[in-house]
Amino acid sequence: MQRRSKRVRTAPDPQSAGVDPGSNVDIQGATSSKKVRKKAAADADGSKPKRVVRGRRGQLEQMSQLPLDILFEIFGQLDPMDILNLTRTSKALRNMLMQRSATYVWKNARSHIPGLPDCPNDMSEPEYANLVFYPYCHVSNYLDSEDEKLQALHCRLGQANKYRDTMVNAHTLRQYQAEKKDLQGSALDQWCIKRRLQYDLWLKHAKLCEEWNQNRNEERSSWGEEITLLEAGASDEEYQEKQRLSEHKLVKQPKALTERIWNNIKDTLVDFMEKAKARRLVILYKATIKKRGQVLAAVIDTYASSQPLHSVLPSVADVASLPAFRAIIEDLSIDEAITALHFQEAMNDFPQIVTDWRRSKDEVLIKLINDHPASTAKATLATLQHAGTFFKCRQCTGGISYPRILVHHCATALDWNDRTMINDYFKNLGCKPWNYESSVVRYDHRASERAIRILHDCHLVSDTLSSFDLDRLDLRFECLKCKSPEQGRLLMKWPVVVDHAGHHYENSASGSIGSGVIEVASLDSDESSLAYLLDFTRISPMSRAWCHSHSWACLECKTRIAWSTSWEHLNEKHPDLLPTDFTEFEHKTHPDRFFTLHLDASRHILCAPIKVNPRNPVHGFRDAMSFYTLFCYNEGALEAMSQEMAQEFLSVD
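The paragraphs below set out a description of the structure included in this document. Values in this document were obtained by computation on a predicted structure and should not be read as measured data.

Another point: the sheet that holds strand E5 (residues 489–492). Here we have four strands laid out as an open sheet, ordered E6-E4-E5-E10, and antiparallel in their pairing. Among the strands making up the open sheet, the edge pair consists of strand E6 (518–520) and strand E10 (610–612). The average undirected angle you get between the axes of adjacent strands in this sheet is 40 degrees. Direction of pairing for strand E4 (residues 477–479) relative to E6: antiparallel, over a ladder of three bridges. Considered in E6, the bridge of Cys479 is made with Ile518. Sheet strands touched by helix H22 (residues 525–538): E5 and E10. Its angle to E10, the strand with the most contacts, is close to 150 degrees.

Structure representation (structure tokens):
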């Protein structure tokens with residue numbers, strides 16, 4: 001191959017080559033024949049050749065040169081948003097459409113929108129079209145949803161919207177301030193009356209616009225792609241996935257459906273609808289199982305309301321796994337509505353079901369103790385019920401005593417791991433049987449060992465001592481290692497003291513907490529009063545610890561709920577119990593009037609240690625209120641409230 005030099009060659013002088021300078025002969029590639037022909041054509045007529053544009057670009061370039069009557073007739077068939085877009089395409093179109101003579105074009109475009117109120121007197125037609133149809137917020141310049149396109153109308157009125165408490169149009173505010181700046185007396189009163197009348201007109205017009213927007217959204221929600229499935233015999237249930245159908249490439253076409261077109265697309269769409277029907281039936285089956293599980297849960301709650309407080313009952317999934325209940329939930333037709341009456345016969349044996357379930361779970365827990373490598377003596381039911389026996393959850397921290405472990409939330413709740421591995425039946429119910437496949441509950445040997453040592457040091461040794469016995473005694477335990485002259489005595493209740501002692505147990509070089517670290521506290525009257533006040537402060541409903549767990553139980557129906565829904569529960573389920581003058585504020589300040597802590601309340605959070613120092617209670621109040629939502633990111637407010645509470649306590653004799 002011949003080598004080509006990359007250096008630029010210098011064209012020889014035409015005269016030296018014997019060539020006429022005016023000729024079009026190409027010399028050494030200096031001027032291509034194509035370029036020469038173009039130049040010659042340009043020299044012939046004395047003008048530049050027209051620029052060739054590929055495709056359809058530039059075909060509307062001369063639109064503005066059409067007669068105005070033809071243009072306005074065309075524009076009159078468009079919608080207001082289309083006219084707005086035209087005004088922003090070129091200066092010529094903008095100048096044409098923004099003239100007063102083009103007002104009727106905007107009115108014709110607005111007439112295509114049914115029900116839209118007329119343009120207000122203080123706005124021009126383009127301004128009104130921009131206000132109503134421009135898809136961006138006129139305040140924040142963010143893209144609005146369909147339901148928020150008219151929020152700018154409220155901006156004109158100074159009304160509240162969903163994002164701000166108040167919103168005032170800055171331009172209107174400056175205009176009003178300038179108008180009334182030099183007005184006084186009757187002139188100012190007349191101005192105020194005039195503006196008030198104008199405001200009333202704005203308000204009336206804005207309400208009309210809101211009604212129009214609401215009606216338009218309702219009409220749009222009822223629109224759907226109507227395709228007659230000829231020869232397919234499809235029912236109305238197939239239209240549950242109308243969104244997918246309307247977006248199908250064979251359906252989303254800008255032409256009418258004819259019999260010929262249908263025959264061409266019928267097989268594809270019928271297959272599409274058969275798959276959609278299968279998906280819909282699966283979704284309907286899951287929703288049916290979930291709904292029937294909720295009916296069963298209501299039946300169990302009705303039974304629980306007749307039992308003593310803190311009764312231990314099986315979960316919905318445990319009951320739903322029994323053959324008599326599972327047949328009702330799973331085998332009956334999905335078209336049949338299930339009510340409490342369907343479970344009535346099966347519930348006749350429910351007391352025996354509870355007894356058998358409780359016995360089987362006790363055996364599981366006893367086996368967990370006996371199978372632990374550190375266990376020495378054989379565990380029995382008495383071992384299970386002892387205050388020194390603790391279990392642990394795979395997710396929670398801290399020991400869990402018996403029988404709380406039987407109603408522990410994590411033992412029956414689905415986590416992300418369960419949603420991919422657990423049985424579909426329980427997944428549809430939204431819960432799982434207690435300790436399903438032995439995946440949650442473990443025996444906590446270390447916590448049990450600490451508990452036995454604490455009970456021995458506090459002279460509470462008894463083979464029959466249970467956690468309920470310690471609750472009835474209402475004992476407070478003190479950690480002598482955490483005692484501080486400034487912050488005071490660190491007091492706690494059972495079983496919080498077992499978790500607290502674990503810190504000293506793990507940090508001890510000998511592996512033991514030693515004797516005399518934990519003892520039963522003996523309090524004087526001032527310390528007892530402060531301890532009671534700090535307990536009440538810590539468990540106040542204002543603490544965010546209540547918002548994230550179902551830690552309360554209704555004293556009337558025994559239902560387990562979160563505090564955030566307790567007021568609604570009272571008004572909906574037990575309105576007859578509420579006195580006429582009982583308010584939500586009194587409900588918050590007296591949380592134990594209609595509710596009590598559930599057996600599975602997160603005591604490691606709600607009954608944490610308290611710092612008792614009657615002479616300087618600031619530290620105790622600060623620690624007790626540290627979980628309050630009000631002080632979550634405001635240390636200064638927390639400190640100020642702690643000081644105020646401390647002064648209030650010290651001022652009481």
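The geometry of an aromatic ring pair is captured by the separation of the ring centres together with the interplanar angle, meaning the angle of the planes. Applying the stated criterion across every chain yields a total of 13 aromatic pairs. With 5.6 Å between their ring centres and 70 degrees between their planes, Phe426 and Tyr436 make a pair best called edge-to-face. Of the two residues, Phe426 sits in helix H18 (residues 424–429) while Tyr436 sits in the loop between H18 and strand E3 (441–443), which places them ten residues apart along the sequence. Grouping residues by exposure puts Phe426 and Tyr436 together as buried. Above the face of the Tyr425 ring, Arg326 is positioned so that its terminal group lies 4.0 Å from the ring centre.

The topology assignment puts Phe75 in helix H2 (residues 68–75). Judged by its relative accessible area of 2%, Phe75 falls in the buried class. Between the C-alpha atoms of Phe75 and Val105, which are 30 residues apart in sequence, the distance is 6.6 Å.

Packing of helix H11 (residues 259–305) against helix H13 (residues 323–331) brings their axes to within 9 Å, and their N-to-C directions diverge by 140 degrees. Taken together, H11 and H13 sit at an angle that is classed as oblique. Of the residues in H13, those in contact with Tyr285, Ile289, Arg292 and Leu296 of H11 are Phe325, Ile328, Ile329 and Glu330. When the residues that make up the contact of H11 with H13 are grouped by side-chain class, the tally is six nonpolar, no polar and two charged.

About the cut-offs
The numbering scheme is per chain: residues are counted from 1 as the chain's sequence reads. Thresholds applied to this predicted model are a pLDDT of at least 70 for local features of residues and 80 or more for the giving and counting of side-chain atom pairs; totals over whole chains, interfaces and linings are not thresholded and use all residues. Neither water nor hydrogens contribute to the side-chain values; these are computed over all heavy atoms in the structure. Pairing between strands requires that DSSP locate at least two bridges from one strand to the other. Only DSSP runs of H or I with at least four residues qualify as helices, and only runs of E with at least two residues qualify as strands; both kinds are numbered from the N terminus onward. In this analysis an axis means a line fitted to C-alpha atoms, helices contributing only their contacting stretch, and an angle means the value between N-to-C directions, from 0 to 180 degrees. Residues are treated as being in contact if the distance between any of their heavy atoms lies within 4.5 Å. Only Phe, Tyr and Trp rings are paired, with Trp represented by its six-membered ring, and only when their centres lie within 6.5 Å; those with planes under 30 degrees apart are stacked, over 60 edge-to-face, the remainder tilted. Exposed residues in this analysis have more than 50% of their type's maximum accessible area, buried residues have under 20%, and partly exposed residues fall in between, with area computed by a 1.4 Å probe over protein chains only. Over a ring means this: the NZ of a Lys or the CZ of an Arg is within 6 Å of the ring centre and within 35 degrees of the ring normal. To sort the angles, those under 35 degrees are grouped as roughly parallel, those over 145 as roughly antiparallel, those from 65 to 115 as roughly perpendicular, and the leftovers as oblique. Charged means Asp, Glu, Lys or Arg here, nonpolar means Ala, Val, Leu, Ile, Met, Phe, Trp, Tyr, Cys or Pro, and polar covers whatever is left, Gly included.

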